[in-house]
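# Descriptive structure summary
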Amino acid sequence: MNYIDLHCDTLTACCDSGQGIIKNSLQSDVDRLKKSGCVAQCFAIFTEGASAPQDFEKYLNFYLKELEDNPDKILPVTTLQNLKKCVSSGILGGLLTVENLSFIGDDLSEIARLSEVGVKMASLVWNNQNLLASPNLSFKDGKPQFLERCKKGLTDFGRQAVEELDKHKIIIDISHLSDGGAEEILNNRKIPVVASHSNCAGVFNVCRNLTDRLIKKLADCGGVIGVNYCMDFLGGETFESVARHISHIINIGGEECIALGSDFDGIPAPEGLEDCSKIEQLLTFLEGRIGISALEKLAHLNFERVFKDVCG
């Protein structure tokens, strides 16, 4: 079955390790994605710290060179027409995304540039507070505090950034964002947003997982949640836990808000989902749990709708 994955860290991991995105020794690459049925992969540029602006340029140039060198293997997806072409042509679609906008500093004009270089989705924050927002995950003595949730909202600059992202038709990603920040974005929201790699606190209560209230609000604006394969957020046996989180999202928000968001190359390899070649087995397992109609929505139809509604 065709599927779309909403988040992986393969782009940055490849650049850092001197490997390519077409074929590598990591959890995900273009060749294995295609064999597994993937028609489009969201490739995140992740940056953090003082070198983030320079790192962003490095990762962007790396990605653009990979596209230039492999036009028969990967097609940049910037329009709905591009996305549909990937389904019909057999060439993997690459959607460029950003995890953590802190590298823009206090310059909102950088968001316009993101649109110009083909970025189609962006999150405001990672695991450290920045000028835009706060994360839901905090640390004490270097250890994650999984049971503490953050009620801080967006900063004034963060609110302006949200307006700019909407203006430039970039999908807003609320994964990692504080509960307070997510509430601000979702209140009376009409434009869909995504949580590209998040699970359900109602199934496994850690702060990186979404509360039922946030799941409902995200569903109400037409958004989708990409279920993350990280064991720290699944909380149990891999395939079974993935199914539990998906079923919970359906119970709270309906079949229209489920999707896949592996987080490959950003997480330790979970048993049974060690790399992207295992996704066919996961989808077969899920069909037995949720049925073929819901599975097709999960696999690609829901995100295709969001992409059409936001990006055109």
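In this report, we go over the structure that sits alongside the text.

The rules we used
- Residues numbered from 1 in each chain as written.
- Predicted model: local features only at pLDDT ≥ 70, side-chain atom pairs only at ≥ 80, totals over all residues.
- Heavy atoms only, no water.
- Buried < 20%, exposed > 50% of the residue type's maximum accessible area, 1.4 Å probe, protein only.
- Helix = DSSP H or I, 4+ residues; strand = E, 2+ residues; numbered from the N terminus.
- Pairing = 2+ DSSP bridges.
- Phe/Tyr/Trp six-rings, centres within 6.5 Å; stacked < 30°, edge-to-face > 60°.
- Lys NZ or Arg CZ within 6 Å of the ring centre and 35° of its normal.
- Core = buried A, V, L, I, M, F, W, Y, C linked by side-chain atoms within 4.5 Å.
- Contact = heavy atoms within 4.5 Å.
- Salt bridge = Lys/Arg side-chain N within 4 Å of Asp/Glu carboxyl O.

## Section: the pairing of strand E5 (residues 119-123)
In terms of burial, E5 is a largely internal element, five of the five residues being buried. Pairing of strand E4 (residues 92-99) with E5 involves four bridges; the strand directions are parallel. If you follow Thr 97 over to E5, its bridge partner there is Met 121. Direction of pairing for E5 relative to strand E8 (residues 171-173): parallel, over a ladder of three bridges. Looking at E8, one finds that Ser 123 is bridged to Asp 173.

## Looking at the packing of aromatic side chains
Here the structure, examined in full by the defined rule, presents seven aromatic pairs. Their ring planes at 45 degrees and their centres at 6.0 Å tell us that Phe 43 and Tyr 63 sit as a pair that is tilted. With Phe 43 in strand E2 (residues 38-46) and Tyr 63 in helix H3 (residues 52-69), the pair connects residues that are 20 residues apart, well separated along the chain. The ring centre of Phe 233 lies 5.0 Å from the NZ or CZ of Arg 208, which sits over that ring.

## Describing the nonpolar core
The biggest cluster of nonpolar side chains holds 85 residues, and the ones touching the most others in it are Leu 101, Leu 124 and Ile 174. When residues in this core are grouped by element, the largest group, seven residues, is from H3. In this view, Leu 124 contacts Asn 100, Leu 101, Ser 102, Asn 130, Leu 132, Ala 133, Leu 154, Val 162, Leu 165, Asp 173 and Ile 185; residues no more than four positions away in its chain are not counted. Core analysis: the second largest hydrophobic core is formed by 21 residues, Leu 80, Val 194, Val 224 and Val 306 among them.

## Quick look at the environment of Val 194
With respect to the helices and strands, the residue Val 194 is situated in strand E9 (residues 194-195). Residues Val 194 and Ser 123 lie 71 residues apart in sequence; the distance between their C-alpha atoms is 9.4 Å. When sequence neighbours within four positions are dropped, the list of residues in contact with Val 194 reads Met 121, Ile 171, Ile 172, Asp 173, Ile 174, Ser 175, Leu 218, Val 224, Phe 303 and Val 306.

## Focus on the pattern of salt bridges
Counted according to the given criterion, the structure contains 18 salt bridges. Among the salt bridges present, the one from Asp 31 reaches Lys 73, with a minimum N-O distance of 3.0 Å. With Asp 31 in helix H2 (residues 30-36) and Lys 73 in the loop between H3 and strand E3 (74-76), this residue pair connects regions lying 42 residues apart in the sequence. Note that Asp 220 and Lys 216 form a salt bridge whose closest N and O atoms lie 2.9 Å from each other. Pair noted here: Asp 220 and Lys 216 are both in helix H8 (residues 212-220), with a separation of four residues, about one helical turn. What you see here is one network of salt bridges that share partners, running through Asp 16, Asp 55 and Lys 58.

## Examining helix H7 (residues 179-186)
With seven of eight residues buried, H7 lies mostly within the body of the structure. The inward-facing, buried residues of H7 abut helix H6 (156-167), E8 and H8. Positive phi shows up at Asn 188, right after H7, with a value of about 55 degrees.

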